[in-house]
Amino acid sequence: MVTYNETELERASILDDPDITLEQVLLHPEFTDAYREYDNKLIDYLCQTQNILRMIEFIRQGPDLSKSSDKQYDLICRVEFLFQQDVSSVKAAFLSNTVTLDALYSILEDDESSSRLSTLTLTCRIFSTVYRDAALLQFLATKPELVSTFFRLVDYDCVRDLFISFFHIYESSAFALFQSLDNQHFVQRLLKRFLSEETKESPSASTDQKTLIGHFLCQIMFVMRQLSQAAHQPANPLLAHLESLDPLGLLDGTEIALI
């Protein structure tokens, strides 16, 4: 049985103050201890949809440049802290609501927000904390422009790493996502970009981008082949396309090492 301690947040009645802001709660000196101690009042407050949406706005806005350099990231670091916990009520509330999922995903779709490396990196890190969750996988499978979003951000390590993590999922819950990627011609578009063929996203792919995509192709093919050997797993439709198009033959002429 969990014992709920009376924290400084409760003793000071900070959450009962009608004028309290989410920023003040997150930056309270006792905040992290109160959350770790399962402060019921605090958890209920943080799990409210409007507060999760506000946290996502903090991520979208990035560091607070009006503060000194050592405090600019304090607020968004507190938000990340909530998602990094192994058992997180905020993370569960975030996943249970398509409104909050869509709000975080919209950062990837927004040119201005995703152009800030700190914002993009934190967004991907938060998605990475829940990448195996069936609710997220089902949500992503409904996004018809997911592959286009990937290619727009393919130069960023955090985006490629996030997508690679999906290919490590062996549960059947990921099949709808793989089917959606296949319907959006993910493999074919990867190969086109690697071969520098003209596409709507990029008239001419740079040499550096070709190398990045070559690494990415090798990695996902390696992972999918490993998982395909596991018993009782549905076949990944993307693997069939990769093998039928013989990407290894296309990559043999490049100096790409699978790490």
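The structure this text deals with has already been given above.
Residues numbered from 1 in each chain as written. Predicted model: local features only at pLDDT ≥ 70, side-chain atom pairs only at ≥ 80, totals over all residues. Heavy atoms only, no water.

Below, the discussion takes up helix α8 (residues 98–109). Note on helix geometry: an α-helix contains 3.6 residues per turn, so any two residues three or four positions apart are oriented the same way. Spanning 12 residues, α8 covers 16 Å between terminal C-alpha atoms, matching the ideal 16 Å at 1.5 Å per step. When we look at burial in α8, the residues that qualify are Thr100, Leu101, Ala103, Leu104, Tyr105, Ile107 and Leu108. One side-chain oxygen at the N-terminal end of α8 lies 2.9 Å from the backbone nitrogen of valine 99; it belongs to asparagine 97. (Helix = DSSP H or I, 4+ residues; strand = E, 2+ residues; numbered from the N terminus. Expected span 1.5 Å × (residues − 1). Buried < 20%, exposed > 50% of the residue type's maximum accessible area, 1.4 Å probe, protein only. Polar contact = N/O pair within 3.5 Å; in protein donor to acceptor, adjacent residues only side chain to side chain.)

All right, on to the nonpolar core then. With 77 residues, the main nonpolar core has Leu26, Leu46, Leu82, Phe94, Leu181 and Phe186 as its most contacted residues. Each of domain 1 (13–130) and domain 2 (145–258) gives at least three residues to this core. Not counting residues up to four positions away in its chain, the partners in contact with phenylalanine 94 are Ile52, Ile56, Phe83, Thr100, Leu101, Leu104, Phe127 and Val130. (Core = buried A, V, L, I, M, F, W, Y, C linked by side-chain atoms within 4.5 Å. Domains from an automatic or database assignment. Contact = heavy atoms within 4.5 Å.)

Once that is clear, we can look at empty space enclosed by the protein. One pass over the full model with this rule turns up one cavity of 30 Å³ or more. Its volume calculated, the largest cavity comes out at about 90 Å³. (1 Å grid on protein atoms, 1.4 Å probe; cavity = no way out; pocket = protein on both sides within 12 Å on 5 of 7 lines; lining within 4 Å. Points joined across faces, edges and corners; volume = space filled by probe spheres on them.)

Let us now look at the pattern of salt bridges. Considering all chains together, one arrives at nine salt bridges under this definition. Residue aspartate 111 is joined to arginine 152 by a salt bridge in which the shortest nitrogen-to-oxygen separation is 3.0 Å. Of this pair, aspartate 111 sits in helix α9 (residues 111–114) while arginine 152 sits in helix α12 (residues 146–152); the two residues are 41 residues apart in sequence, bridging distant segments of the chain. A relative accessible area of 36% places arginine 152 in the partly exposed class. (Salt bridge = Lys/Arg side-chain N within 4 Å of Asp/Glu carboxyl O.)

For asparagine 51, the position within the fold is in helix α5 (residues 49–61). Setting aside anything within four residues of it in sequence, one finds asparagine 51 in contact with Leu22, Tyr45 and Leu46.

Between helix α13 (residues 157–167) and helix α14 (residues 175–183), whose axes approach to 10 Å, the crossing angle comes to 120 degrees. The orientation of α13 relative to α14 falls into the category oblique. Mapping the contact onto sequence places Phe163, Phe166 and Phe167 in α13 and Leu177, Phe178 and Leu181 in α14. Its residues assigned to classes, the contact of α13 with α14 comprises six nonpolar, no polar and no charged. (Axes fitted to C-alpha atoms, helices over the stretch in contact; angles between N-to-C directions. Parallel < 35°, antiparallel > 145°, perpendicular 65-115°, else oblique. Nonpolar A, V, L, I, M, F, W, Y, C, P; charged D, E, K, R; others polar.)

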